[in-house]
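Each chain, written out:
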Amino acid sequence: MADAPSLVTLPEGWRLDARDSVGSTNDEARALAAAGAPHGTIVWARRQEAGRGRRGRSWFSREGNLTCSAILRPQVPFSRAGELTFVVGVAVADAVASFGLEPKLKWPNDVQIAGDKLAGILLEAAVAPDRSVDWIVAGVGLNVAHHPQLADYAATSLHAAGAKDATVEAVLQRLAAGLDRHLAEWRAEGFDATRAAWLGRAVGLGARITVRLETETLVGVFEHIDPTGALILRTDTGRHSITAGDVFFGRG
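Model, not experiment: these values are computed from the prediction.

Within the secondary structure, Glu124 is located in strand S6 (residues 116-127). A relative accessible area of 16% means that Glu124 is categorised as buried. A distance of 2.8 Å separates a polar atom in the side chain of Glu124 from a polar atom in the side chain of Asn26.

Written out as C-alpha cells, the structure is:
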C-alpha cells in the first residue's frame, strides 16, 4: 500500500501504519503498543482475514471497507478506560455525519443508519503497574462499499445509505480528525461532554428495550447512561446498572 498514506492526512502527532492484509488490525496494534508504539499510531489494512468484534464474534472485513485500529495512551486510571468506547463512538459518528448521513449510536459500541448496523468498535487495553492505562487499542470496522447479509441483524454501508462517493481514505482521514478532537475534549472536560454528545445520538433512549446478559434477560426503559458509561434500565422491579450486554428493541 505504498501510495495509500499519501491519500490520508492525519492530525499533528498521529502516524499511519498501512498494510495490504493482516489477520487482525487489533492484534497488530496490540503488538506495536506492547513494543512501545506512541499514542496516535493507526494500523490500517485493506484486507483483514481474522477480524473480530465483541465477545469473539467474527467481523466482516472485505476490501473496500475501513478496518483500522488506533493506539491510545490516555494516561488515566484504568477505571476510566471504558469511557474511550464512547469517545471513539462519537468520533465515528461525526465522520459518518460528514457525508450527509444521520448516524445513531447503539449502546455500547455500534453505529447505525436507519436501524442497520454500519460500524462496530472494539477496545482492548493493558494496565500499567500503577493501575493506570498503559495503552488502549481502539479497533473500528466500518462498512464503506460493502455490507454483509446476515440472519441475526441488518447491516448497511455508506454507499448503500447514499454516500456513494465516500472512499476508505476519506473516512479514515475524517475519523482520525474526530478522534483527535474528541480525545482533546475528553481530556479537557472529562466524560460529561462525551456522554452528552453520545446521548445526543443514542438510539432507543427513553424507549422500551431488551438487554440480554450472560445469565438473564431484562426488559425495561432505557433511561440514560451514567457517569461511568453503564446503561441504566428501569424495569418493573427497579433500576439496573448494566455494564455489559446485548441490546434489542421492543422485546427482542
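With the rule as written, the count across this model stands at two aromatic pairs. Ring centres of Phe86 and Phe191 lie 5.7 Å apart, and the angle between their planes is 65 degrees; on these two criteria the pair is classed as edge-to-face. Residue Phe86 is located in helix H2 (residues 83-97), and its partner Phe191 is located in helix H4 (residues 191-199); the two are separated by 105 residues in the primary sequence. With relative accessibility at 3%, the residue Phe86 sits in the buried group. Aromatic side chains Phe86 and Trp198 sit 5.4 Å apart centroid to centroid with 80 degrees between the ring planes, which places their arrangement in the edge-to-face category. Placement of the pair is Phe86 in helix H2 and Trp198 in helix H4, with a sequence separation of 112 residues. Put simply, the rings of Phe86, Phe191 and Trp198 pair up and form one aromatic cluster.

For sheets, the rule is that strands pair by backbone hydrogen bonds, running either parallel or antiparallel. Pairing in this open sheet of seven strands is mixed, and the strands run S1-S2-S3-S7-S6-S5-S4 from one edge to the other. With one partner strand each, in any of the chains shown, strand S1 (15-22) and strand S4 (104-106) form the two edges of the open sheet. The mean inter-strand angle of the sheet, taken between neighbouring strand axes irrespective of direction, is 20 degrees.

Right, let's talk about the pattern of salt bridges for a bit. A complete count under the given rule lists twelve salt bridges for this structure. Notably, a salt bridge pairs Arg47 with Glu63, separated by 3.3 Å at the nearest N-O pair. In this pair, Arg47 is assigned in strand S2 (residues 41-48) and Glu63 in the loop between S2 and strand S3 (66-72), connecting sequence segments 16 residues apart. Owing to a relative accessible area of 31%, Arg47 belongs among the partly exposed residues under this scheme.

The next thing to look at is the nonpolar core. Counting 61 residues, the largest nonpolar core has Leu66, Val92, Leu142, Leu158, Leu175 and Trp198 as the members making the most contacts within it. At ten residues, H2 tops the list of elements feeding residues into this core. For Leu158, the contacting residues outside a window of four places in its chain are Val96, Phe99, Leu101, Leu118, Leu142, Asn143, Val144, Ala163, Lys164, Ala166 and Val171. Core analysis: the second largest hydrophobic core is formed by eight residues, Ala33, Val43, Ile71 and Val137 among them.

Residue-level pLDDT values for the chain average 91, and 91% of them are 70 or greater. Here strand S12 (residues 246-249) is the element of the chain with the lowest mean pLDDT, 86, and H2 is the one with the highest, 98.

Moving on, we get to the packing of H2 against H4. Two elements in contact, H2 and H4, have axes separated by 9 Å at closest approach and are oriented at 50 degrees. Relative to H4, the element H2 lies oblique. The chirality of how H2 crosses H4 is left-handed. Taken together, the residues of H4 that come into contact with H2 (itself represented by Glu83, Phe86, Val87 and Val90) are Phe191, Thr194, Ala197 and Trp198. Of the residues belonging to the contact of H2 with H4, the class tally is six nonpolar, one polar and one charged.

Glancing now at the environment of Asn109. Relative to the assigned elements, Asn109 resides in the loop between S4 and strand S5 (110-113). With a relative accessible area of 9%, Asn109 lands in the buried category. Through-space distance from the C-alpha of Asn109 to that of Gly40 is 20 Å; in sequence the pair is 69 residues apart.

Along the chain, Lys106 turns up in strand S4. This buried residue, Lys106, is left without a salt bridge; Asp110 holds the nearest opposite charge, at 4.6 Å. Excluding residues within four positions of it along the chain, Lys106 makes contact with Gln112, Trp198, Val203, Val247 and Phe249.

About the cut-offs
Residues numbered from 1 in each chain as written. Predicted model: local features only at pLDDT ≥ 70, side-chain atom pairs only at ≥ 80, totals over all residues. Heavy atoms only, no water. Helix = DSSP H or I, 4+ residues; strand = E, 2+ residues; numbered from the N terminus. Buried < 20%, exposed > 50% of the residue type's maximum accessible area, 1.4 Å probe, protein only. Polar contact = N/O pair within 3.5 Å; in protein donor to acceptor, adjacent residues only side chain to side chain. Phe/Tyr/Trp six-rings, centres within 6.5 Å; stacked < 30°, edge-to-face > 60°. Pairing = 2+ DSSP bridges. Axes fitted to C-alpha atoms, helices over the stretch in contact; angles between N-to-C directions. Salt bridge = Lys/Arg side-chain N within 4 Å of Asp/Glu carboxyl O. Core = buried A, V, L, I, M, F, W, Y, C linked by side-chain atoms within 4.5 Å. Contact = heavy atoms within 4.5 Å. pLDDT = per-residue confidence, 0-100. Parallel < 35°, antiparallel > 145°, perpendicular 65-115°, else oblique. Left-handed = near helix turned anticlockwise from the far one by under 90°. Nonpolar A, V, L, I, M, F, W, Y, C, P; charged D, E, K, R; others polar. Lys, Arg positive; Asp, Glu negative; His and termini not counted.

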